[in-house]
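The residues making up each chain are set out below.
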Amino acid sequence: MLIHKSCIAMLFAAVRSASAFSIRSLNHVSAPQKASLLKHFSTAAAADSDTLINNRISRAPVPSSLDARTLSENLDLVLSHLRSRRASDEALDAAKTISTLNLDRVSLIKQRDEALQQRNELSAKVGMLMRESKGEETEEIVGIKAEATTVGETAAGVEESLAEIESKMNSLLASLPNLLDDVVPDGDDDSQNELVSEWGDVSSLPKELGWDEDFTPLWHDDVATNLGGWQSDAAVGMSGARFVSLTGDVARLERAISSYFLDRASQKGYTEVSPPLVVSRTALEGTSQLPKFEDDLFKIMPESHTCNGEDAFLIPTAEVPLTNMHAGAILEESELPISYCALTPCFRAEAGSYGRDTRGLIRTHQFYKVEMVKITTAETSADEHEKLTRHAQECLEELKIPYKKMRLCSGDVGFSAQHCYDLEAWLPSTGEYREISSCSNTGDFQARRMALRYRPAPVADTNADEPKKGGKKKAKKPKPVLCHTINGSGLAVGRTLVAVLENYQTPDGDVVVPEVLRPYMGGLEILKKK
């Protein structure tokens, strides 16, 4: 029995896109055809379920980040990934709207091109008639000119409509997160993140430091207070909640941690950068903190400062200025990978965190962090992500802080990341692991937004004609392609200070300085209780 392919496609696509489907929608199909059609669908659906990875459609057909055309051609895949991220209905509607607008865009482009072609043809005809009339503007020429003007106005009107549609599509695209790597597990939140590995024994340091069964480890703020280095009241008095001042040995220990992280990154091939702490709206759009996360940023009043006429913000992370070092550039493949590191204060409004982690250094508006950033190619992206993450892990291992390496699930992974690892350090005061580093591979998601590209190395054309004697084959000049960007904390300095104070405290109230930090503390081995 013959069944029209469009019917199969219609039924299959309806279910794939989770739209409502009813047998009544196939009333135009005969009963035998309908039964056979459903049989075809069952077989196709079963086959398609095998292509699902972690309960979503594999992104293998779409290795790059989304533009309007790619989204429109792969709408089911995009919706599948948005649902996997537990995205809002607004995000799902945005994707569908982009797909619809893209169809309108294609139609308008056709109308504009046809109008422009018609105008050119009319203009050519006017030229021919003017030559024939030896420059005399006949009634026929006047009429054709008028027609050309009308067609030109039509083209201009279509161009205006096209610009409006493209502006709306770009705005909606900016609100959509990255597609997920196939390795990202499906899950609702951080409780469903995947344990990749675990390092260290949480009982090792307590044994070395003489903790007994009766000893209850103190919170880091109490440890710092005992050392005479915790001045939170003074900070809150001048700056408000979620600010802290450190003094004496505690401030010195924080500086030692920062210097150690920077030196270690430099030894691993990262170029140290001292970047600006104020960046433009465009820079934040490039790394995708904007437009979605503006409430989490500290914005500078335009009366005080603007960045080349744009809104200015304090950086939420050095990822922003480091990645934007090459915004709009075309690099050579031979320059990649580029590896940068920077120690900067980071400023975050922590919108939506009211009441969470109000004590200590876990969640503050201002904190220091050593950031690592890599700019690389699609082919080396995954390997460079693993290397960067490993560099962060080694810092914890040299500090002898037990930690877990977690792969973030689909409902917890960041907006710009296609794949992300969190490193969680052991905090004995609460008996739990807390995030101390987040290492993300964004693919070409950020690079597309900031027009960051590289030109692949030329490849000799083996199909070209044989060169002349003594000559060389000409190498084709490849077109620039988007870079991949990777970023991660190496590590968050404040949270590392938390981990050191808590894990290295003694029952007497002192803190033993980790061996790798002693050179940065002038050889000091123990911070004494005051």
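Let us look at the structure shown here. (Residues numbered from 1 in each chain as written. Predicted model: local features only at pLDDT ≥ 70, side-chain atom pairs only at ≥ 80, totals over all residues. Heavy atoms only, no water.)

### Section: the overall build of the protein
What counts is decided by this rule: Secondary structure elements are defined from DSSP: runs of H or I of at least 4 residues count as helices, runs of E of at least 2 residues count as strands, and each element is numbered from the N terminus. Burial classes follow relative accessibility: with a 1.4 Å probe on protein chains only, a residue under 20% of its type's maximum area counts as buried, one over 50% as exposed, and anything between as partly exposed. Any two residues whose heavy atoms approach within 4.5 Å at even a single point are treated as in contact. Note on areas: Shrake-Rupley with a 1.4 Å probe; residue coverage comes only from the protein chains shown.
Counting its regular elements, the protein contains 15 helices and 20 strands. For the protein, with 530 residues in total, the buried portion stands at 46%. The contacts in the protein between residues at least 6 apart in sequence include a share of 74% that link residues at least 24 apart. In the form shown here, the protein has an accessible surface area of approximately 26600 Å², with 50% of it arising from carbon and sulfur atoms.

### Re the nonpolar core
Our working definition: Only buried residues count toward a nonpolar core, which is a set of Ala, Val, Leu, Ile, Met, Phe, Trp, Tyr and Cys residues joined through side-chain atoms within 4.5 Å.
Among the nonpolar cores identified, the biggest contains 50 residues, and L253, I257, F261, L396, L497 and L501 are the most heavily contacted of them. A per-element tally of this core places helix 10 (residues 248-267) first, with 8 residues. The contact partners of L501, leaving out residues within four places of it in the chain, are H220, V223, A224, L227, L253 and V511.

### As for the packing of helix 10 against helix 15 (residues 493-503)
Let me state the cut-off plainly: Structural elements are reduced to axes, namely lines fitted to C-alpha atoms, with helices fitted over the stretch in contact, and the angle between N-to-C directions of any two is expressed from 0 to 180 degrees. For any pair of crossing helices, the crossing counts as left-handed if the nearer helix is rotated counterclockwise from the farther one by less than a right angle, and right-handed if it is rotated clockwise. In this classification, the charged set is Asp, Glu, Lys and Arg, the nonpolar set is Ala, Val, Leu, Ile, Met, Phe, Trp, Tyr, Cys and Pro, and all remaining amino acids, among them Gly, are polar.
In contact at an axis separation of 10 Å, helix 10 and helix 15 are set at 115° when each is read in the N-to-C sense. Taken as a pair, helix 10 and helix 15 cross one another with a handedness that is right-handed. Contacts from V250, L253, E254, I257, S258 and F261 in helix 10 reach V493, T496, L497, V500 and L501 in helix 15. In the contact of helix 10 with helix 15, the residues fall into 8 nonpolar, 2 polar and 1 charged.

### Some thoughts on the sheet that holds strand 13 (residues 432-441)
We count it as follows: Think of it this way: DSSP has to see at least two bridges between two strands before they count as a pair.
The 8 strands lie next to each other as 3-11-12-13-18-10-9-4, forming an open sheet whose pairing is mixed. Lying at the two open borders of the sheet, with one neighbouring strand each, are strand 3 (194-199) and strand 4 (271-272). Summarising the sheet, strand 12 (residues 419-427) and strand 13 pair through 9 bridges and their orientation is antiparallel. Bridge pairing in strand 13 links L423 to S437. Sheet strands touched by helix 10: strand 4, strand 9 (338-347), strand 10 (366-376) and strand 18 (484-492). Its angle to strand 9, the strand with the most contacts, is close to 165°. Lying on the sheet, helix 13 (residues 381-399) is in contact with strand 3, strand 10, strand 11 (403-407), strand 12, strand 13 and strand 18; it crosses strand 18 at an angle near 5°.

### Looking at the packing of aromatic side chains
Stated formally: Any two of the Phe, Tyr and Trp rings considered here, Trp counted by its six-membered ring, make a pair once their centres fall within 6.5 Å; the pair's planes then place it as stacked at under 30 degrees, edge-to-face at over 60, or tilted in between. Only Lys NZ and Arg CZ are tested; either one counts as a charge over a ring when it is within 6 Å of the ring centre and within 35 degrees of the ring normal.
A complete count under the given rule lists 7 aromatic pairs for this structure. Here the aromatic rings of W199 and Y403 are separated by 5.9 Å at their centres, their planes lie at 20°, and the arrangement is stacked. Here the residue W199 occupies a position in strand 3, and Y403 occupies one in strand 11, the gap between them amounting to 204 residues. A relative accessible area of 29% means that W199 is categorised as partly exposed. Ring pairing ties together the aromatic residues Y260, F261 and Y520, which thus form one cluster. Its end group placed over the ring of Y421, K405 keeps NZ or CZ at 4.2 Å from the ring centre.

### Details of unusual backbone geometry
Across the junction of L290 and P291, the peptide omega takes the value 10°, indicating a cis bond. Note that P291 resides in the loop between helix 11 (281-286) and strand 6 (299-300). Following L336, the chain continues into P337 via a peptide bond in cis, with omega recorded as 0°. Look at K400: it is not a glycine, yet its phi comes out positive at around 65°.

### Some details on helix 4 (residues 75-84)
Burial runs high along helix 4: 7 of the 10 residues are buried. For helix 4, the complete set of buried residues consists of L77, V78, L79, S80, H81, L82 and S84. Looking at the buried positions of helix 4, the neighbouring elements they touch are strand 2 (56-57), helix 3 (68-73) and helix 5 (89-132). Downstream of helix 4 by one or two residues, R86 has phi in the positive range, about 60°.

### Details of the environment of V373
If you trace the backbone, V373 turns up in strand 10. The spacing of V373 and T323 is 50 residues in sequence and 6.8 Å in space, taken between C-alpha atoms. Those residues in contact with V373, other than ones at most four positions away along the chain, are Y270, E319, L322, T323, I338, S339, Y340, L388, I486 and N487.

### Details of the side chain of D249
Heads up, the condition is: Think of it this way: Lys and Arg go in the positive column, Asp and Glu in the negative one, and His and the chain ends go nowhere. One side-chain nitrogen of Lys or Arg within 4 Å of one carboxyl oxygen of Asp or Glu is enough to make a salt bridge.
Counting through the fold element by element, D249 comes out in helix 10. For the buried D249, which has no salt bridge, the nearest side chain bearing the opposite charge is K530, at an N-O separation of 4.0 Å.

### A short note on helix 5
Where we set the bar: Every helix has an expected span of 1.5 Å times one less than the residues it contains.
Helix length check: helix 5 (44 residues) gives 64 Å between terminal C-alpha atoms against 64 Å at 1.5 Å per residue, within 8%. In the stretch just after helix 5, K134 is the one whose phi turns positive, near 55°.

### Focus: the pattern of salt bridges
Using the criterion set out here, one finds 23 salt bridges in the structure. A salt bridge links E394 to R264; its shortest N-O distance comes to 2.9 Å. With E394 in helix 13 and R264 in helix 10, this residue pair connects regions lying 130 residues apart in the sequence. The pair formed by E394 and R264 is uniform in burial state, with each residue classed as buried. For the salt bridge of E384 with K387, the shortest nitrogen-to-oxygen distance reads 3.5 Å.

### A word on the pairing of strand 11
Here strand 11 lies mainly inside the structure; 4 of its 5 residues are buried. As paired elements, strand 3 and strand 11 share 5 bridges and run antiparallel to each other. Residue E194 lies in a different strand from strand 11, and its bridge partner there is R407. Pairing of strand 11 with strand 12 involves 5 bridges; the strand directions are antiparallel. Paired with K405 across the two strands is L423, which belongs to strand 12.

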